[in-house]
Amino acid sequence: MKYQVYADNAATTRLDEVAFEAMLPWLKDNYGNASQPYSFAREPKKALAAARETIAACIGANPEEIFFTSGGTESDNWVIKSSAFADVDRRATITSAFEHHAILRSCATIERLGYPVAYLRPTADGLILAETLRRIITKQTRLVSVMFANNELGSIQPVKDLCAVAHEYGALFHTDAVQAVGHIPINVHDLSVDYLSASAHKFNGPKGVGFLYVRKGLDLLPYADGGSQEKGHRAGTENIASIVGMAAALRENCNAIEKNVQFLSNLEKRLLEGLREAGVKFIRNGGANTLPGLLSLSFPGRDGEAILHRMDLMGISISTGSACDSINTQKSHVLDAINLEDDLAFGTIRISLGRYNTESDVDMIVSGLSRILNT
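Given the structure is predicted, the values throughout are model-derived calculations rather than measurements. (Residues numbered from 1 in each chain as written. Predicted model: local features only at pLDDT ≥ 70, side-chain atom pairs only at ≥ 80, totals over all residues. Heavy atoms only, no water.)

Chemist: Would you mind showing me how to read the nonpolar core here?
Modeler: Considering soluble globular proteins, one finds that nonpolar side chains tend to be buried as a cluster. If you look at the biggest cluster of nonpolar residues, it comprises 70 residues, and the most contacted ones within it are Ile186 and Phe211. The biggest single contributor to this core is helix 8 (residues 240-255), with 9 residues. Those residues in contact with Ile186 that lie beyond four places of it in its chain are Cys58, Ile59, Gly60, Phe148, Ala177, Ala180, Val181, Leu191 and Leu196. (Core = buried A, V, L, I, M, F, W, Y, C linked by side-chain atoms within 4.5 Å. Buried < 20%, exposed > 50% of the residue type's maximum accessible area, 1.4 Å probe, protein only. Helix = DSSP H or I, 4+ residues; strand = E, 2+ residues; numbered from the N terminus. Contact = heavy atoms within 4.5 Å.)

In structure tokens form, the structure reads like this:
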């Protein structure tokens, strides 16, 4: 089925045309292995270095601080597990209760192995506050990991403040910035974060590639042993085409970041005003400071899964605030963490607009929701 409207950009994004074109030569003609010493490897090696420089410039880092990975999940796993396993004193890790499962399940793994983990509770608006961290953190904390922006709510966290508290207690700070990189301005040196995870397919790059920022002077245990790629920290032949595509996509988004933010903010405003004018009753979750174009909407007494499937039949792709399996529907851990009552949680959907959406798309979303919810 060809979808008329795609509004689930927080799940994945359409590949940027510039990124696609940048990838082609490395898939067809310049297919050499960058790790080899002969001349055919020279151009792939240069492309790898150029991509590292581009990505670093986009987030205010140095090129040597960028490590290529398969995506945000790998980057998150790498930081959480390497930090814990490198600590002979088994000091604590602190994270939030509404992180992505890449963080939560990595933390569950180290907990099973005897490494302590504490979980911060967000406010009703989906924020992890510095004072909340200060109540829990101690000198025995090794790592604090709090996502940059929540993937369901869109709530942007006070990362700089949280980072300052972590450093005050001698802890390192990691942020899963998968939803934020390429969408809002980020400067890792200004924020003083120690580690940052990103995934290309969230900012119009290819799937299966991402990066991890590691502040200069810090180290991580190798993610994979083998060859000497990524300074001996992640063995395996580099996926040059995808890395080049990732860098091109990130550059395109960062160069147009103010324009994109304004464009998505206008679409978001049109959608919300359209729902209100249509008499649709809803509550928006996530507070006042959210990613542009990402909306978590709760419809009292309604079924989010049913809304999703009916919208799908109309050719409109959205997401839901609940995780459905073949047996039952479970309340989202994110909505549970902000103490959203069940009547609202099970009637929650997520609409995430992207730069390829149009006003016509938004009008179709409003029309579809109105037909469903006003009957």
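Chemist: Which parts of the structure should I look at to understand the packing of aromatic side chains?
Modeler: Within a pair of aromatic rings, the relevant descriptors are the distance that separates the centres and the angle that separates the planes. Going through the model one piece at a time under the given rule, you end up with 4 aromatic pairs. Relative to Tyr115, the ring of Phe85 has its centre 5.6 Å away and its plane inclined at 55 degrees; by these criteria the two rings are tilted. Here Phe85, found in helix 3 (residues 72-85), pairs with Tyr115, found in the loop between helix 4 (101-112) and strand 4 (117-120); they are 30 residues apart in sequence, far enough to count as distant. Residue Phe85 is classed as partly exposed on the basis of its relative accessible area of 36%. These aromatic residues form a ring-pair network of at least three members: Phe67, Trp78 and Tyr223. We note Arg14 situated over the ring of Tyr356; from NZ or CZ to the ring centre the distance is 4.0 Å. Between the NZ or CZ atom of Arg90 and the centre of the ring of Tyr115, over which it lies, the distance is 4.5 Å. (Phe/Tyr/Trp six-rings, centres within 6.5 Å; stacked < 30°, edge-to-face > 60°. Lys NZ or Arg CZ within 6 Å of the ring centre and 35° of its normal.)

Chemist: Please clarify how helix 6 (residues 159-168) should be interpreted in this entry.
Modeler: Note that an α-helix has 3.6 residues per turn; residues three or four places apart therefore point the same way. Of the residues making up helix 6, those classed as buried are Val159, Leu162, Cys163, Val165 and Ala166. Buried residues in helix 6, looked at end-on, bunch into an arc of 160 degrees, giving them a common side. In this structure, the buried side of helix 6 is in contact with helix 5 (130-136), strand 5 (141-145), strand 6 (172-176) and helix 7 (188-191). Following helix 6 by one or two positions, Gly170 has its phi on the positive side, about 80 degrees. (Arc of directions from axis to C-beta.)

Chemist: Which parts of the structure should I look at to understand the sheet that holds strand 7 (residues 195-199)?
Modeler: Within a sheet, neighbouring strands are paired by backbone hydrogen bonds and run either parallel or antiparallel to one another. Pairing is mixed across the open sheet formed by 7 strands, whose spatial order is 2-8-7-6-5-3-4. Lying at the two open borders of the sheet, with one neighbouring strand each, are strand 2 (66-69) and strand 4. Sheet twist, expressed as the mean angle between neighbouring strand axes with direction ignored, is 20 degrees. Across 3 bridges, the pairing between strand 5 and strand 6 is parallel. Opposite Leu143, over in strand 6, you have Leu172 as the bridge partner. The sheet strands contacting helix 4 are strand 3 (92-96), strand 4, strand 5 and strand 6, and the helix crosses strand 4 at an angle near 150 degrees. (Pairing = 2+ DSSP bridges. Axes fitted to C-alpha atoms, helices over the stretch in contact; angles between N-to-C directions.)

Chemist: Teacher, can you tell me more about the pairing of strand 5 here?
Modeler: Counting buried positions over the 5 residues of strand 5 gives 5, a clear majority of the element. In the sheet, strand 3 pairs with strand 5 via 4 bridges, with the strands oriented parallel. Among the inter-strand pairings, Thr95 is bridged to a residue of strand 5, identified as Ser145. The β-α-β motif built from strand 5, the intervening helix 6 and the parallel element strand 6 has right-handed crossover chirality. (Right-handed = clockwise from strand over helix to strand, strands pointing away.)

Chemist: Looking at this structure, how should I read the confidence of the model for the protein?
Modeler: Low pLDDT marks stretches whose predicted atomic positions should not be read closely. Within the protein, residue pLDDT values average 95, and 97% of them lie at 70 or more. Considering only residues more than four positions removed or in separate chains, one finds that residues 322-327, a stretch of pLDDT under 50, has 12 contacts. (pLDDT = per-residue confidence, 0-100.)

Chemist: Could you clarify how one ought to interpret a nonpolar patch on the surface in this entry?
Modeler: Residues Tyr31, Tyr38 and Phe40 make up a contiguous nonpolar surface patch of about 350 Å² in total accessible area. By the secondary structure assignment, Phe40 is in the loop between helix 1 (17-28) and helix 2 (42-59). (Patch = residues over 30% accessible without salt bridge, like charges linked within 9 Å, V, L, I, M, F, W, Y side chains within 5 Å. Areas by Shrake-Rupley, 256 points an atom, 1.4 Å probe, with all protein chains shown as cover. Salt bridge = Lys/Arg side-chain N within 4 Å of Asp/Glu carboxyl O.)

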